[in-house]
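# Examination of the molecular architecture
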Amino acid sequence: MSLKHKKRFLFLIVTLIMGLSLIVGVGWAGNYENEAKERDEIKRVIDKMERDYERESVSQFMRFFSRRKFPNLIAFRNAVENDFNLNRQIRLRRTSERLALSKGMAVYQATWQKQYMPMIISPHGGSRMRHLSGTVRIYLQKEKNGWRVINIQGYPIFGV
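Residues numbered from 1 in each chain as written. Predicted model: local features only at pLDDT ≥ 70, side-chain atom pairs only at ≥ 80, totals over all residues. Heavy atoms only, no water.

What follows covers the overall build of the chain. In terms of helices and strands, the chain carries 3 helices and 4 strands. In the chain, which comprises 160 residues, the proportion classed as buried is 34%. Summarising the internal contacts of the chain: among those between residues at least 6 apart in sequence, 55% fall at separations of at least 24. Counting only carbon and sulfur atoms, one obtains 57% of the accessible surface of the chain, whose full area is about 10,700 Å². (Helix = DSSP H or I, 4+ residues; strand = E, 2+ residues; numbered from the N terminus. Buried < 20%, exposed > 50% of the residue type's maximum accessible area, 1.4 Å probe, protein only. Contact = heavy atoms within 4.5 Å. Areas by Shrake-Rupley, 256 points an atom, 1.4 Å probe, with all protein chains shown as cover.)

Here is the structure:
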């Protein structure tokens, strides 16, 4: 092989390696950007769920739940309605938030604090605000209309 052919061959190899590394790098960056968008979308869903719960809007809150996959959806909806009927001034706060995301599935975990005023004043508690706090895991799945809650586990903040 002549020196001229060796240089061409070396140039071809270097170009090929650089091209492949560029393609792989763009693919990784694309995955990272896509995951960041998915994380932001999930956080928006959680924020809207919190806001709709505080507004005591059953229909708006329940729009984030999968009708096909959420277990006992009707019983859960009834519990949420009861919470709104029995309590007022509901406020939710989250701390220690974590989000795991993989292939169209997500698990959002946080410690939720719920503050509310019962409609019925008890002789023992008076008219004081009540507080609940506990860790809740919200399982979400990407559906054609966006992210939907398919299960909730942990301390029962919603529908208590």
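On to the environment of Asn145, then. Take Asn145: it is sitting in the loop between β3 (130-143) and β4 (146-154). With 81 residues separating them along the chain, Asn145 and Phe64 place their C-alpha atoms 9.8 Å apart.

Notably, Gln89 is not glycine yet its phi reads approximately 55°, a positive angle. With respect to the helices, strands and loops of the structure, Gln89 is situated in strand β1 (residues 87-102).

This part covers the sheet that holds strand β2 (residues 105-118). One open sheet accounts for 4 strands, arranged β1-β2-β3-β4; its pairing is antiparallel. Strands at the two margins of the open sheet, each flanked by one partner only, are β1 and β4. Strand-to-strand twist of the sheet, defined as the mean angle between neighbouring strand axes without regard to direction, takes the value 30°. One ladder, built from 12 bridges, connects β2 with β3; its direction is antiparallel. Counted as the bridge partner of Trp112 is Gly134 from β3. Strand contacts of helix α3 (residues 73-86): β1, β2 and β4, with the helix running at about 140° to β1, the strand carrying the most contacts. (Pairing = 2+ DSSP bridges. Axes fitted to C-alpha atoms, helices over the stretch in contact; angles between N-to-C directions.)

Summarising burial for β2: 10 of the 14 residues are buried, a large majority. Sheet topology note: the β1/β2 ladder contains 12 bridges and is antiparallel. Bridge pairing links Leu101 to Ala106 in β2. In this structure, the hairpin formed by β1 and β2 is closed by a connection of 2 residues, where Lys103 is found at a positive phi of approximately 50°.

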